[in-house]
Amino acid sequence: MTTKTSSEIIRDGLWNNNPALVQVLGLCPLLAVTSTVVNAIGLGLATLMVLMGSNLAVSLIRNFVGESVRLPAFVMIIASFVTCAELLMQAFTYELYQILGIFIPLIVTNCAILGRADAFASKTTPGPALLDGAMMGLGFLAVLVVLGGMRELIGQGTLFVDMNLLLGPMAADWVIRPFESYPDVLFMVLPPGAFVGLGLLIALKNGIDNHLEKRRKATEPAPAASGSKRVRVTGNVS
Amino acid sequence: MAFAQQSSPHAHHARPTSRVMLWVIIAALPGLFAQTVFFGWGNLINVVWCVALAMACEAAILKLRNKPIGFFLKDNTAAVTGLLLGLSLPQFAPWWVSGIAVVSAIVVAKQLYGGLGSNPFNPAMVGYALVLISFPVAMTTNWAEPALLWKGAPGFSETLSTIASAKQTAVDGWTMATPLDEYKHKIANRTAAEVLQHPTFGNGIARGWEWVNAGFLAGGLLLVLLRIITWHIPVGFLAGLAAMSLAFGSNADQYAPLSMHLLAGGTMLGAFFIATDPVSAATSHQGKLIYGAGIGVLIYLIRTWGSYPDAVAFSVLLMNFAVPFIDHYTPPRTYGHHKARRGVPSRKQG
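Model, not experiment: these values are computed from the prediction.

Basis of the calculations
- Residues numbered from 1 in each chain as written.
- Chains lettered and ligands numbered in written order.
- Predicted model: local features only at pLDDT ≥ 70, side-chain atom pairs only at ≥ 80, totals over all residues.
- Helix = DSSP H or I, 4+ residues; strand = E, 2+ residues; numbered from the N terminus.
- Contact = placed C-beta atoms within 7 Å.
- Domains from an automatic or database assignment.
- UniProt positions renumbered as here; feature names shortened; annotations may be inferred.
- Nonpolar A, V, L, I, M, F, W, Y, C, P; charged D, E, K, R; others polar.
- Buried ≥ 20, exposed ≤ 12 C-beta atoms within 10 Å, placed from the backbone.
- Expected span 1.5 Å × (residues − 1).
- Axes fitted to C-alpha atoms, helices over the stretch in contact; angles between N-to-C directions.
- Parallel < 35°, antiparallel > 145°, perpendicular 65-115°, else oblique.
- Left-handed = near helix turned anticlockwise from the far one by under 90°.
- Bend = angle between axes of the 7 residues up to and from the residue.

**Regarding the overall build of chain A**
Logical step 1: In terms of helices and strands, chain A carries 10 helices and 0 strands.
Logical step 2: When the helices and strands of chain A are listed from N to C terminus, the series reads α-α-α-α-α-α-α-α-α-α.
Logical step 3: Oriented by its inertia axes, the alpha-carbon framework of chain A measures out at about 75 × 55 × 30 Å.
Logical step 4: Taking all contacts inside chain A whose residues are at least 6 apart in sequence as the whole, residues at least 24 apart take part in 78%.

**Observations concerning the domain arrangement of chain B**
Residue and element names in this part refer to chain B.
Logical step 1: Here the domain parsing of chain B yields domain 1 (12-176) and domain 2 (179-203 + 226-330).
Logical step 2: For domain 1 and domain 2, the distance between their C-alpha centroids amounts to 21 Å.
Logical step 3: Domain 1 puts 22 residues into the contact, and the matching count from domain 2 is 18 residues.
Logical step 4: Residue assignment for the side of domain 1 that touches domain 2 shows that the elements contributing at least two residues are helix H1 (17-39), helix H4 (77-88) and helix H6 (123-134).
Logical step 5: At 6 residues, H6 tops the list of elements feeding residues into the side of domain 1 that touches domain 2.

**A few points about the UniProt feature "transmembrane region" (unreviewed entry) in chain B**
Logical step 1: According to UniProt, the positions carrying the feature "transmembrane region" (unreviewed entry) are residues 20-38, 44-64, 95-113, 125-144, 208-226, 233-252, 258-276 and 288-305 of chain B.
Logical step 2: Regarding residues 95-113 of chain B, the helix share stands at 89% and the strand share at 0%, and the terminal C-alpha atoms are separated by 26 Å.

**Let's talk about the interface of chain B and chain A**
Logical step 1: Counting residues at the interface gives 5 residues for chain B, matched by 4 residues for chain A.
Logical step 2: When grouped by side-chain class, the residues that make up the side of chain B that touches chain A number 3 nonpolar, 2 polar and no charged.

**Remarks on unusual backbone geometry**
Logical step 1: At Val24 of chain A, a residue that is not glycine, the phi angle is positive and equals roughly 50 degrees.
Logical step 2: Looking at Val24 of chain A, the number of C-beta atoms within 10 Å reads 14, which means it is partly exposed.
Logical step 3: Not every positive phi belongs to a glycine, and Asn76 of chain B is a case in point at roughly 65 degrees.
Logical step 4: For Asn76 of chain B, the position within the fold is in the loop between helix H3 (69-73) and H4.
Logical step 5: The exposure class assigned to Asn76 of chain B is buried, which follows from the 22 C-beta atoms found within 10 Å.

**Here's the deal with the UniProt feature "modified residue: FMN phosphoryl threonine" (unreviewed entry) in chain B**
All names here are of chain B.
Logical step 1: Per the UniProt record, "modified residue: FMN phosphoryl threonine" (unreviewed entry) is annotated on Thr178.
Logical step 2: By the element assignment, Thr178 lies in the loop between strand S2 (175-176) and helix H9 (179-186).
Logical step 3: If sequence neighbours within four positions are ignored, Thr178 has contacts with Trp143, Gly265, Pro309 and Asp310.

**With respect to helix H10 (residues 191-219) of chain A**
Logical step 1: With 29 residues, H10 of chain A ought to run about 42 Å at 1.5 Å a step, and its terminal C-alpha atoms sit 43 Å apart, in line with that.
Logical step 2: For H10 of chain A, the complete set of buried residues consists of Gly193, Ala194, Gly197 and Leu198 of chain A.

**Description of the packing of H1 of chain B against H4 of chain B**
If you want to describe how two helices pack, look at the angle between their axes and the distance between the axes.
Residue and element names in this part refer to chain B.
Logical step 1: Contact geometry for H1 and H4: axes closest at 9 Å, N-to-C directions at 20 degrees. The angle between the axes of H1 and H4 places the two elements in the roughly parallel class. Judged by the sense of rotation from one axis to the other, the crossing of H1 with H4 is left-handed. Here Thr17, Met21, Val24, Ile25, Ala28, Gly31 and Leu32 of H1 come into contact with H4, specifically with Thr77, Ala79, Val80, Leu83 and Leu87.
Logical step 2: Looking at the contact of H1 with H4 residue by residue, the classes come out as 9 nonpolar, 3 polar and no charged.

**Some details on the environment of Gly292 of chain B**
Residues and elements named next belong to chain B.
Logical step 1: Looking at the secondary structure, you find Gly292 in helix H15 (residues 285-305).
Logical step 2: A residue is classified by how many C-beta atoms lie within 10 Å of it, and Gly292, with 27 of them, is buried.
Logical step 3: In the structure, Gly292 is positioned 238 residues away from Ala54 in sequence and 27 Å away in space, judged by C-alpha atoms.
Logical step 4: With residues near it in sequence (within four places) discarded, Gly292 still touches His232, Ile233, Pro234, Val235, Gly236, Phe237, Gly240 and Ala275.

**Observations concerning helix H5 (residues 95-111) of chain B**
All names here are of chain B.
Logical step 1: When the terminal C-alpha atoms of H5 are compared, their 22 Å separation across 17 residues agrees well with the 24 Å that a helix rising 1.5 Å per residue should span.
Logical step 2: At Ser104, H5 shows its largest kink, close to 30 degrees.
Logical step 3: Of the residues making up H5, those classed as buried are Val97, Ser98, Ala101, Val102, Ser104, Ala105, Ile106, Val108, Ala109, Lys110 and Gln111.
Logical step 4: Buried residues along H5 sit against helix H2 (42-64), H4, H6 and helix H7 (136-140).

Structure representation (structure tokens):
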């Protein structure tokens, strides 16, 4: 396994190998709870915390757990952190905990977390593992928030509604209503809207990547012309 | 698109898509005329707005995709999608509801999937289902009462200003639920004779709607005669619906009678104009029969036991899902070859 530098880990987590846009993992919570920004932030933060904790713990025990029992061990570690996250949310943001409901315990089954534990954390030292967990979690959180904002704005015509559930009473009047008497677009509130929204986000990311690639190629010096070589009659001249 | 060279089956002359679509538009005119006579200017205004917007969306996306705009616009398919939406949306649906339907039909359901010939779902019905789910109020309360019932029918300018307003619902006195919806809700605690007292049912079916359906039936038969569509899908569709109605709904005190199912909703428009979309329908004749029958059965199920007033859009989309499966099991025998292999090859054949 090649070792990654810190900047590679950061870039992979946030963009190049983003859990939601590239790996397309963890879709169940992603699609189910992103109807508003506050739900998205709540679930994103919980996932971020679990991902960092599980990556660190898995990396610490990587030399003491045999190959054949590693997956049960990882799942138990993840489940413990999810329980911690659940109890913390019950203690501090009880209303949001009730809104998110089953999707908090279901973080255990988020493939993105188990995937990072198995594919990265179990093969590296604690430092990079923790950084990878943080960056993957932030990448996931960012997609959740953008998708949540998109669906909230189109679906209900508001932004940042009910932020007080997460941030306390001072955030109660953060809500923005750009339109007057907006008719609810139920399609975007319901799960199909989340599928369409995620599809559009993935297309946007690929479009940006293509554009950057094109620009990089345009600025790169052209490869040496191959016209003056001897004539080849077999094989391909690239 | 016109294909210069034809493989089998050898058509006598190439019929370009633009001509086919033009005939579809012409065949829809009797139904549109009946709608205008009985329900006022709403449908006509909707059709004009939807067709214009559909062409504009098509042109914009074609430009983004670097495709020849003129070539594809001239095939009239975008116009037909707009026309079908204009014919099927409620008469007083506000402009932005029909606009969202058209944009999602052309941009999402058609062009994002690759344009004409590549869309797995009927674009017009994707747009219709999307606005029906998104705006249930605007889509169920804006059906015009037949003009005969009105004391003061709204004129052209009044209709136009209603459609052009931002409000979700039109003036209460002009609108009503569709006859099918009315029947389904009233029959719960009344007898059929009592329900039919309501003037919307006319002589026992549905005033206005029967003529609209007759218009679409006439136009559809014209399409069959011109061999633009084959008879299989409409026949399967109507037979499926009739069979379900005879099997389960023969008691008029409980369920809407067959005549109402055939003539009071979007049945004929669906059977001859919407389900027969050559791109998203099944391919072989046997497949078309199954496909049409599936739509008919689903329409009866959703109309009778579902919560939506009509069911053409959902049924067509659900059967669009099934088309690859149907096509997989119904390839016809090719001339000069053995019987076609159908479905997944079994292990015995090796």
